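Listed below are the residues making up each chain.
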Amino acid sequence: MTLYVRTRGEGPSVLWIHGYTMDGSVWEALWRLLPGWRHVGVDLPGHGRSRPLCPGTSLPALAAELAELARAERAALVVAESIGSMIALQLAIDHPDDVRGLIVGSPTIAGAPSEPGTAERYRTLAGLARMGVDGERLADVWMAAPPDIFRGTEAHPELRARLRAIVAGHSWRELRDGAMAGLSGHVHTADDLRGIAARTLVLIGEQDMPTFRAASVRLRDTVPRCRVLTVPDAGHLCMIERPAAVAPAIAAHLSAAVPEVTAEVVPEVQHAGS
C-alpha cells in the first residue's frame, strides 16, 4: 500500500477522506477540536504524498484499497467531504463490516447530475494541464466561481490561502492521463444506498450548491439510519470552513457509533470560534 497517512491523537480511530485537489492536512484545525480520538488522515491517490491514481482505477477498487487501510488502522469510523464523500459512500456500500459510523459533508453521489459548470471547468483544467500551465494558475482557475466549490472560503482568508497553497501543489496527472474517468463512471443506485448499514450523518452547508443540497435529501430519504444537519453560514466545504460549528455534532455522532464492546469515555469537545 502506497497511501500517505498522517495520524493525530489517541482513542478510537477515525478515517478522514479529503476532497479533490487537497490532502489530509486540511483536517488539522478540526482535529484540534476533537480530542479523545485517533485521527487518521489519508492522502488520496494522486494527492499530497500518495502515489498517483492509476488509469482505469474504478470507484469500488479505490474503496477496497481504503477498506484495507481502515482495517490496518482499526478505523471503523469514517468522515469525508465533497468528492471524498463519494468514496466513503462506496466504502460503506461494499465493506459494511468495516464502517460502523459514517459522516459525509457536501455529499457527492456517484452518477448523480453534476453542478452546472463543473464539467466545463474540468475540461478547461485538463486542457491547461496538458499544455503545461503551472500549478499557481491552475489553482486560480479551479478555485474561481462558479461553480461555487470554494466560494465559502472567501469569508475565511487564511483558510483560503492555505487551501490555495495545497491546490497549487497538486499534480493534475489524473486529468492529463484520464485516470479520473474511472472514478466518475460509477453510479450509486437506490439499492446501493439502501444497503448502507452504518449510522450516517450528512453535513450540508447552508449556502452549498443546489446539487449537493439535493444529494443530502436523497441520502436522508434512502440510507436507513441517516440524518442531515445544515451548517449555518457555510458553503460547499462546510467542515473545513466552520470547524468549531461542526465539531460538537461530529463528536456526538462518532461517540454514538462506537460499538458498546469497545466504547470509551465520550471525548470532550473544545468550543472555539471558527
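Note that the coordinates shown come from a computational prediction; the quantities given were computed from them, not determined experimentally.

The rules behind the values
Residues numbered from 1 in each chain as written. Predicted model: local features only at pLDDT ≥ 70, side-chain atom pairs only at ≥ 80, totals over all residues. Heavy atoms only, no water. Helix = DSSP H or I, 4+ residues; strand = E, 2+ residues; numbered from the N terminus. Expected span 1.5 Å × (residues − 1). Buried < 20%, exposed > 50% of the residue type's maximum accessible area, 1.4 Å probe, protein only. Contact = heavy atoms within 4.5 Å. pLDDT = per-residue confidence, 0-100. Pairing = 2+ DSSP bridges. Axes fitted to C-alpha atoms, helices over the stretch in contact; angles between N-to-C directions. Disulfide = S-S within 2.5 Å. Arc of directions from axis to C-beta.

1. Here's the deal with helix α6 (residues 157–168)
Taking 1.5 Å per residue, twelve residues should reach 16 Å; α6 reaches 16 Å between its end C-alpha atoms and fits that length. Among the residues of α6, L159, L163, I166, V167 and A168 are the ones counted as buried. Check the buried side of α6 and you find it contacts α5 (135–143) and α11 (238–241).

2. Describing the confidence of the model for the protein chain
The predicted structure's coordinates, where accompanied by low pLDDT, should not be read in detail. Looking at the protein chain, pLDDT values average 93 and 94% of them are 70 or higher. Counted against residues more than four places away or in other chains, residues 260–274, with its pLDDT under 50, gives 24 contacts.

3. Here we look at unusual backbone geometry
Note that the residue after A145, namely P146, is joined by a cis bond; omega there is -5°. Here P146 shows up in the loop between α5 and α6. For the peptide bond that leads from P146 to P147, omega is -5°, which places it in the cis range. Here P147 shows up in the loop between α5 and α6. Positive phi values are uncommon outside glycine, yet W172 reaches one of about 65°. Structurally, the position occupied by W172 is in the loop between α6 and α7 (173–176).

4. Thoughts on the environment of A110
In this structure, A110 sits in the loop between β5 (101–105) and α4 (118–130). For A110 and T189, which are 79 residues apart along the polypeptide, the C-alpha to C-alpha distance reads 8.6 Å. Non-local contacts of A110, meaning those with residues more than four positions away in its chain, are made with L59, M86, H186, V187 and H188.

5. Topic: the sheet that holds strand β7 (residues 226–231)
If you walk across this open sheet you meet the seven strands as β1-β3-β2-β4-β5-β6-β7, and the pairing is mixed. For this open sheet the edge positions go to β1 (5–8) and β7, each flanked by a neighbour on one side alone. The sheet shows a mean angle of 20° between the axes of neighbouring strands, direction not considered. Examined bridge by bridge, strand β2 (residues 13–17) and strand β3 (residues 38–42) share five bridges and lie parallel to one another. From the neighbouring strand, L15 faces β3, where its bridge partner is V40. Relative to the sheet, helix α2 (residues 59–72) contacts β1, β2 and β3, its axis offset from that of β2 by approximately 155°. Sheet contacts for helix α3 (residues 83–94): β2, β4 (77–81) and β5; angle to β4, the most-contacted strand, approximately 150°.

6. Things to note about the state of the cysteines
According to the stated counting rule, one finds zero disulfides in the structure shown. The closest cysteine sulfur to the non-disulfide-bonded C226 is located on C238, 13 Å from its own sulfur.

7. So, α4
Every α-helix winds through 3.6 residues per turn, so residues three or four apart in the chain are directed the same way. Compared with the 18 Å implied by 1.5 Å per residue over 13 residues, the 18 Å span of α4 between its first and last C-alpha is a close match. Residues T118, R121, L125, A126, L128 and A129 constitute the buried set of α4. Mapping the buried residues of α4 onto a view down its axis gives an arc of 165°, with all of them on the same face. Opposite its buried face, α4 presents the exposed residues R123 and R130, each directed more than 90 degrees away. On the buried face of α4, the contacting elements are α5 and α7. Backbone geometry just after α4 places G132 at a positive phi near 85°.

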